Amino acid sequence: MFIGTLKDAERCFPLHPGLKTLFDFVAANDFDALPLGRIEIDGDNIYAVNVDNGSVSRERQPLEMHRKYIDVHIALEDGEEIGWKPLEEVRTYSQPYSPKGDCALSTDEADFYFPLRKGQFAIVFPEDPHAPAIGEGRIRKIIGKILL
């Protein structure tokens, strides 16, 4: 996992070439003026999901795991908390991995939680089970998806 601020995003570019493309797109667009949902950047290779949803409690949010995509959670407003746990410590799967949705779910509790504030981002790799959208109220963010 990599956590940072948008003003320092270039520090993560060496991790994957798609990160520069994603962050350049984010910097060039006003997501309040774009439609909610999936926004194509480079087909299935790189896309963004413009999110304006409610949140859930820690107890109700499962850990999610992906194999094909890197997730990049970019906060457009304060209010979200994300949980994390090492992949090798996940013991209970509530949903086995599905290639169609590129997702497996676990009811295990996260080892720690961190706030994601406006202008911050979290890059989560397949080895990073994470529980996003935790909070009280509205979650306003972009989720970037980058094919490995």
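Residues numbered from 1 in each chain as written. Predicted model: local features only at pLDDT ≥ 70, side-chain atom pairs only at ≥ 80, totals over all residues. Heavy atoms only, no water.

A short note on the overall build of the chain
(1) Moving on: Scanning the chain from terminus to terminus reveals 1 helix and 12 strands.
(2) Moving on: The order of helices and strands in the chain, counted from the N terminus, is β-α-β-β-β-β-β-β-β-β-β-β-β.
(3) Moving on: Since a compact globule built from 148 residues should have a radius of gyration of about 15 Å, the 14 Å found for the chain is in line with a globular shape.
(4) Moving on: The dimensions of the chain, computed from C-alpha atoms along their principal axes, are 40 × 30 × 25 Å.
(5) Moving on: Sorting the 148 residues of the chain into buried and exposed places 45% on the buried side.
(6) Moving on: Of the roughly 7700 Å² of accessible surface on the chain, 50% is carried by carbon and sulfur atoms.
(7) Moving on: Across the chain, the mean location of the 17 positive side-chain charges is 1 Å away from that of the 25 negative side-chain charges. (Helix = DSSP H or I, 4+ residues; strand = E, 2+ residues; numbered from the N terminus. Rg over C-alpha atoms; globule rule 2.2 N^0.38 Å. Buried < 20%, exposed > 50% of the residue type's maximum accessible area, 1.4 Å probe, protein only. Areas by Shrake-Rupley, 256 points an atom, 1.4 Å probe, with all protein chains shown as cover. Lys, Arg positive; Asp, Glu negative; His and termini not counted. Charge placed at Lys NZ, Arg CZ, Asp CG, Glu CD.)

Details of the sheet that holds strand β10 (residues 120-124)
(1) Moving on: Reading across from one edge, β1-β10-β5-β12-β3-β2 is the order of the 6 strands in this open sheet, with antiparallel pairing throughout. In this open sheet, the two edge strands, each paired with only one partner strand, are β1 (2-5) and β2 (37-42). Direction aside, neighbouring strands of the sheet carry axes that sit 20° apart on average.
(2) Moving on: In the sheet, β1 pairs with β10 via 4 bridges, with the strands oriented antiparallel. In the sheet register, Ile3 faces β10, and the bridge partner there is Ala122.
(3) Moving on: The strands that helix α1 (residues 17-27) touches are β2, β3 (46-54), β5 (69-75), β10 and β12 (138-147); relative to β5, the one it contacts most, it runs at about 30°. (Pairing = 2+ DSSP bridges. Axes fitted to C-alpha atoms, helices over the stretch in contact; angles between N-to-C directions. Contact = heavy atoms within 4.5 Å.)

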